[in-house]
Amino acid sequence: MRIVIIGGVAGGATVAARLRRLDEKSEIIILEKGEYISFGNCGLPYYVGNEIKQIDDLILHTPESLGQRFNLDIRINSEAMNIDPVRQELLINNHTLHQEYILTYDQLILATGAAPIIPALPGINLPGIFTVRTIPDVIKIKEFIATNKIQTVAVVGGGYIGLEIVEQLHNLNLKLHLIEASAQLLPTFDPEMSAVILTEAKSKGIDVRLSDPLLELEETASCLNLKLKSGQSISAELVILAIGVRPENKLALNAGLELGVTKGVKVNQYLQTSQSNIWAIGDCLEVQDYITKQPAVIALAGPANRQARIVADNIYGAKKVYQGTLGTAVLRFFDLTLASTGASETRLIKSGFQFHKVHLHPNNHVTYYPGVSTINLKVLFSPEGEILGAQAIGKAGVEKRIDVIATAIIGKLTVTDLIDLELSYSPQYGSAKDPVNIAGMIAENILTGKVTQFFAEDLVTLPKDSFLLDVRNDSEIKNGIINNAYHIPLPELRSRLSELPVDREIFVYCQSGQRSYFASRILSQNNFKVKNLSGAFKTYEWVYKFSDN
């Protein structure tokens, strides 16, 4: 059997290796239109900023080493130009020899990946404009910076790649502009969480422009002029486009294969395309969102590798099903780690879901051990307790908690099951009650009616006669208080209940959420109507800092 794989990076190299481990006799051919295979494209920004010193460090295998280890026929600089599904033939262009030839196949795997989105704007093809997708891309960026002694860079796009490249360019002491068309950085996060990212960016001296799309670029004598929708202009000597990616679907489309609503290659549960002996893996295909069950394009290396294993097994007779993509991801941005899994609140609303949400701000480990820092955690769950998603931001221990929650989602645990997870504990790493356990406890209180929440965004719509109660201590309120809040420190609350109205609902808050929960329990058991501010004053500050920007 001859198996041909189009694309030789994460998915393509992985499926080839798995195919060979399953069968020694099949002829396995990898076609790669570039000169590099099996490289760590997630590490590309870190080469630009010199955190990864040598480009060879990103190359996991050369064509020779991978070919020899797994007995593969690897053809670099060889681009598949056309697929004929009826004849089971490919038209190949060998760019090295400048020759075309026909290659037949029995099974075909599309691992063509995704291409950077390059908007059709005036001046988009001017010199000095780059994307970050391949090894040649980052080599050219570094050479351009060195040769032209670049001082100012504009990065267009505030998603994962945009934030990573901004961080790395900051390491080179460059002046940076970050342009994002939407109202927040990292749009996969919810707005109140993203506000923390914005604060971090500004603390590093980065000029951030939100809700201000790029409309036009023009060349001047010394730089590029970027015209924004607001009418303002930015000057930069180098522009990096990090707007996002789109599935590489041209081959599939021309071959008559079915595309999904996202324009990704449509596959069934076994990852077969509309042609049963043509399969698709990685960033080129449309997947099912694990939470919402809706079509999606989610470009991540982990899912691509799992899809590769499934396709290899299925080609040799298995019937393994791809369950969908959860979208678990992590990013370092200067001093912060940002991680998420599952659906965001924004996506749940768009998909018509009913849900609860909790915000909490636990420490990454016990307070008495040096180096303690806060984890800002948000968990979303259904009225029945199904975990729908989570986001976390902090300096340490962030990805661990998100990975635990991602595992709980796949394991079909409920949000209250998080209470009973027995997680590792040592003073350097956590607490006897881990942040994940605490999230489950808060969720249980909500589901059982022990606590009723309100949210920072609700403050603008509260009735005028609403009674806001601040239970923080005196030193905390010096740094800010919500307008018209009445202040009673928690230790004094029981003795001052007579100061509170019995005929009005009380909206209580503290600094991070624990003391206002205690206050809510005291008040509710003394026949007051009470709601607790989710995420407390910390989350309130984020929401309104964000709206001010």
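Residues numbered from 1 in each chain as written. Predicted model: local features only at pLDDT ≥ 70, side-chain atom pairs only at ≥ 80, totals over all residues. Heavy atoms only, no water.

Q: Before we go on, may I ask you to explain the sheet that holds strand E13 (residues 214-219) in this structure?
A: Sheet strands associate in pairs through backbone hydrogen bonding, adopting either a parallel or an antiparallel arrangement. Reading across from one edge, E13-E14-E15 is the order of the three strands in this open sheet, with antiparallel pairing throughout. Pairing within the sheet leaves two strands with one partner each, and these edge strands are E13 and strand E15 (233-236). For this sheet, the mean angle separating the axes of adjacent strands, direction not counted, is 25 degrees. (Pairing = 2+ DSSP bridges. Helix = DSSP H or I, 4+ residues; strand = E, 2+ residues; numbered from the N terminus. Axes fitted to C-alpha atoms, helices over the stretch in contact; angles between N-to-C directions.)

Q: Got a minute to help me understand the sheet that holds strand E30 (residues 530-533) in this structure?
A: What the five strands build is an open sheet, ordered E26-E30-E29-E27-E28; its pairing is parallel. A strand with exactly one partner marks an edge of an open sheet, and here the two such strands are strand E26 (453-454) and strand E28 (486-487). In the sheet, strand E27 (residues 467-470) pairs with strand E29 (residues 506-509) via four bridges, with the strands oriented parallel. Residue aspartate 470 lies in a different strand from E29, and its bridge partner there is tyrosine 509. Set on the sheet, helix H13 (residues 514-524) makes contact with E27, E29 and E30; between it and E30 the angle comes to about 175 degrees. (Contact = heavy atoms within 4.5 Å.)

Q: Mind showing me how you'd approach helix H8 (residues 301-315) here?
A: Because an α-helix packs 3.6 residues into every turn, residues spaced three or four apart end up facing the same way. Given a rise of 1.5 Å per residue, 15 residues ought to cover 21 Å, and the 21 Å separating the end C-alpha atoms of H8 matches this to within 8%. All of the buried residues along H8 are Pro303, Ala304, Gln307, Ala308, Ile310, Val311, Ala312, Asp313, Asn314 and Ile315. Positive backbone phi, approximately 105 degrees, marks glycine 317, located one or two places after H8. (Expected span 1.5 Å × (residues − 1). Buried < 20%, exposed > 50% of the residue type's maximum accessible area, 1.4 Å probe, protein only.)

Q: Sorry, what's going on with the pairing of strand E7 (residues 107-110) here?
A: Consecutive residues of a regular strand have side chains that alternate between opposite faces of the sheet. Here E7 shows no split at all, with Gln107 and Ile109 on one side and Leu108 and Leu110 on the other all buried. Across four bridges, the pairing between strand E1 (residues 2-6) and E7 is parallel. Bridge pairing in E7 links valine 4 to leucine 108. Note: E7 against strand E18 (residues 278-280), three bridges, orientation parallel. Across the sheet, residue leucine 110 finds its bridge partner in E18, namely alanine 280.

Q: Whenever I open this one, the nonpolar core confuses me. Can you help?
A: For soluble globular proteins, nonpolar side chains are generally found buried alongside one another. Ile83, Leu90, Ile109 and Leu110 are the most contacted members of the largest nonpolar core, which totals 50 residues. Sequence-distant contacts of isoleucine 109, defined by excluding residues within four places in its chain, comprise Ile3, Val4, Ile5, Ile6, Val15, Leu19, Trp279, Ile281, Val311 and Ile315. Formed by 46 residues, the second largest nonpolar core is a distinct cluster that contains Phe39, Leu163, Leu169 and Phe333. (Core = buried A, V, L, I, M, F, W, Y, C linked by side-chain atoms within 4.5 Å.)

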